[in-house]
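Structural overview for review
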Amino acid sequence: MSPRTALDRLNGAPPVELAEQLRGCAPIESWVRHLIDSRPYPSRESLLAEASARARTWTTAEVLGALAHHPRIGERAGDRAVALSAVEAEHSAAEQAGVDDPGAWVLANSRYERRFGTVFLIRAAGRSQAEMLAELERRLLLDDEDERAERAEQLRQIALLRLDALVAD
């Protein structure tokens, strides 16, 4: 008998247990329910494709609701009243590894929040602090509609990276 893969475990996980893991990727109930209800997935690629396609249907309200689960760049999970699960806190800490000067983000986050009324969201994994600050400056120039689309895309990328890690063997 061959050992079970992470995908096998996802396909066979009890819905309540899997829902908790998927919320750690993106706390959007319609997405979580869809991924659970669409099992089994024949491959990792099919799971990620389904997750990506479903993420493209997220509403503005769903994306804004999910932002409550993301600390500001440069902020650690316990720095403000952000309701993070242990899974989300672990993801966030790993993803923000490129932030070497959290203090540099205080003004940057404030400017973004004044402009758009919500926290700045970016896929931080694999990016340096300089790259993320440059991206924040670029996005401050976007109109509200373009920034809503950018924010949703960043959340989709974060969710897919986290989901990919969840099914990594």
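First, a word on what this report is: a plain description of the structure on this page. No experiment lies behind these values; they were computed from the predicted model shown. (Residues numbered from 1 in each chain as written. Predicted model: local features only at pLDDT ≥ 70, side-chain atom pairs only at ≥ 80, totals over all residues. Heavy atoms only, no water.)

Our next topic: the overall build of the chain. If you tally the helices and strands in the chain, you get nine helices and zero strands. From first element to last, N terminus to C terminus, the chain shows the α and β order α-α-α-α-α-α-α-α-α. Relative to its 169 residues, the chain shows a buried fraction of 43%. A sequence separation of at least 24 residues applies to 69% of the contacts in the chain between residues at least 6 apart. (Helix = DSSP H or I, 4+ residues; strand = E, 2+ residues; numbered from the N terminus. Buried < 20%, exposed > 50% of the residue type's maximum accessible area, 1.4 Å probe, protein only. Contact = heavy atoms within 4.5 Å.)

Another aspect to go through is the packing of aromatic side chains. Here the structure, examined in full by the defined rule, presents four aromatic pairs. Between the aromatic rings of W31 and W58, the centroid separation amounts to 5.9 Å while the plane-to-plane angle is 70°, which identifies the pairing as edge-to-face. With W31 in helix α3 (residues 29-37) and W58 in the loop between α4 (44-55) and α5 (60-67), this pair connects stretches of sequence that are 27 residues apart. Per residue, the accessibility class of W31 equals that of W58, and both read buried. An aromatic cluster is built from W105, Y112, F116 and F120, whose rings are joined through pairwise contacts. (Phe/Tyr/Trp six-rings, centres within 6.5 Å; stacked < 30°, edge-to-face > 60°.)

With respect to the helices and strands, A66 occurs in helix α5. For A66, a relative accessible area of 0% puts it in the buried group. For the pair formed by A66 and L155, sequence separation is 89 residues and the distance between their alpha carbons is 8.4 Å.

Here N109 shows up in helix α7 (residues 104-116). Given the relative accessible area of 5%, N109 is considered buried. With near-sequence residues (within four places) excluded, N109 lies in contact with R72, I73 and F120.

Our focus in this paragraph is α3. What α3 keeps buried is the set W31, V32, L35 and I36. Seen end-on, α3 carries its buried residues on one side only, within an arc spanning 130°. Check the buried side of α3 and you find it contacts α2 (15-23), α4 and α9 (144-166). (Arc of directions from axis to C-beta.)

What follows concerns the side chain of Q154. When you line up the elements, Q154 lands in helix α9. Among the residues examined, Q154 registers a relative accessible area of 2% and is labelled buried. Engagement of the side chain of Q154 in a polar contact is seen with the backbone nitrogen of R123, the distance being 2.7 Å. The contact partners of Q154, leaving out residues within four places of it in the chain, are L121, I122, R123, R127 and R139. (Polar contact = N/O pair within 3.5 Å; in protein donor to acceptor, adjacent residues only side chain to side chain.)

As a working rule, side chains carrying opposite charge can pair if their charged atoms are close by. One pass over the full model with this rule turns up 10 salt bridges. For R138, the salt bridge goes to E135, with nearest N and O atoms at 2.5 Å. One end of the pair is R138 and the other is E135, both in helix α8 (residues 129-140) and three residues apart, which spans about a single turn. Classification of R138 as partly exposed rests on a relative accessible area of 37%. Accessibility expressed as a relative area gives 17% for E135, which makes it buried. The residue R156 makes a salt bridge to E153 at a minimum N-O spacing of 2.7 Å. (Salt bridge = Lys/Arg side-chain N within 4 Å of Asp/Glu carboxyl O.)

A cis amide bond, omega 0°, links R39 with the succeeding residue P40. Residue position: P40 is located in the loop between α3 and α4.

Attention shifts here to the packing of α7 against α9. Where α7 meets α9, the axes come as close as 11 Å, and the angle between the chain directions of the two elements is 120°. Between α7 and α9, the interaxial angle falls into the category oblique. Here Y112, R115 and F116 of α7 lie close against α9, whose contacting residues are D144, E147 and R151. Its residues assigned to classes, the contact of α7 with α9 shows two nonpolar, no polar and four charged. (Axes fitted to C-alpha atoms, helices over the stretch in contact; angles between N-to-C directions. Parallel < 35°, antiparallel > 145°, perpendicular 65-115°, else oblique. Nonpolar A, V, L, I, M, F, W, Y, C, P; charged D, E, K, R; others polar.)

On their own, these measurements won't tell you what the molecule is for.
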